[in-house]
Amino acid sequence: LITFQGVKMKKFHSSQFVLVFVLALMSFYACSKDSDSPVDPNNVTNSNAALTLNGSGYSNKSITLGNGACSYYPAENLTVVQFSGKVDSDSLFFVFQFIGNTAGTHHWRSSEPDGLIIKSGSSGFSYFYADSTGSTTVNSYGAVNGKVDGTIAGKLIEASSSSELNISNGSFSALRIPDTN
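Residues numbered from 1 in each chain as written. Predicted model: local features only at pLDDT ≥ 70, side-chain atom pairs only at ≥ 80, totals over all residues. Heavy atoms only, no water.

### Comments concerning the overall build of the chain
Counting its regular elements, the chain contains one helix and 11 strands. From first element to last, N terminus to C terminus, the chain shows the α and β order β-β-α-β-β-β-β-β-β-β-β-β. Buried residues in the chain amount to 42% of all 181 residues. Of the accessible surface of the chain, which amounts to about 9200 Å², a share of 51% is contributed by carbon and sulfur atoms. (Helix = DSSP H or I, 4+ residues; strand = E, 2+ residues; numbered from the N terminus. Buried < 20%, exposed > 50% of the residue type's maximum accessible area, 1.4 Å probe, protein only. Areas by Shrake-Rupley, 256 points an atom, 1.4 Å probe, with all protein chains shown as cover.)

As structure tokens, this is what we get:
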């Protein structure tokens, strides 16, 4: 653990740096007008995550986040999926990662925070990272401009208070954007 502004947090490992890098590139691709693989506007993939949150101020709160995107990073053999949206008066950014680029069940690792929720609101920022109690099940892993979908459930820990935030009944479908090199 490291301490940042009085908050104990897990140290960043190489894959967290990859995660930040991939997210930046995903944002770049999402904002780009030109593309070698444009998305057909008549066949847009539903890119949402539906979750139930319990703990850390939520009491079995059903939420839906949008703006889903997914990219594979071959150098690390890592897939990163992200969603964002508003929940009540807060903005939430939800990102998770798993090893590989195939369907199957991926158990969260204790060595890496395989899930992260950043909550921004009038009370400031809160960071929730996954411990090893959770899994992501990928039902289908489509080609670029296809979809990656499945289910997710697990426990996240708030960085400053160590309070639990549990995700249950989670489902997701995200647009797969080009691989990140």
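### Re the side chain of Ser126
Inspection of the secondary structure assignment puts Ser126 in strand S9 (residues 124–141). Its relative accessible area of 18% is what places Ser126 among the buried residues. Contacts of Ser126, omitting those with residues within four sequence positions, involve Ile117, Ile118, Lys119 and Glu158. (Contact = heavy atoms within 4.5 Å.)

### Some points on the environment of Thr79
Structurally, Thr79 is set in strand S5 (residues 78–87). Separated by 20 residues in the primary sequence, Thr79 and Ile99 place their C-alpha atoms 6.3 Å from one another. Reaching out from Thr79, the side chain makes a polar contact with the backbone oxygen of Gly100 at a distance of 2.6 Å. Of note is the side chain of Thr79, whose polar atom sits 2.8 Å from the side chain of Tyr141. (Polar contact = N/O pair within 3.5 Å; in protein donor to acceptor, adjacent residues only side chain to side chain.)

### Some words on the pattern of salt bridges
Under the criterion given, the structure shown has seven salt bridges. Of the charged contacts in the structure, one is a salt bridge between Lys61 and Asp88, with a shortest N-O distance of 3.1 Å. Linking Lys61 in strand S4 (residues 58–73) with Asp88 in the loop between S5 and strand S6 (90–99), this pair joins segments that are 27 residues apart in sequence. By relative accessible area, which is 27% here, Lys61 ends up partly exposed. Close ionic contact of Lys119 with Asp90 constitutes a salt bridge, the shortest N to O distance being 3.8 Å. Remark: Asp90 occurs in strand S6 and Lys119 occurs in strand S8 (residues 115–121); sequence separation between them is 29 residues. (Salt bridge = Lys/Arg side-chain N within 4 Å of Asp/Glu carboxyl O.)

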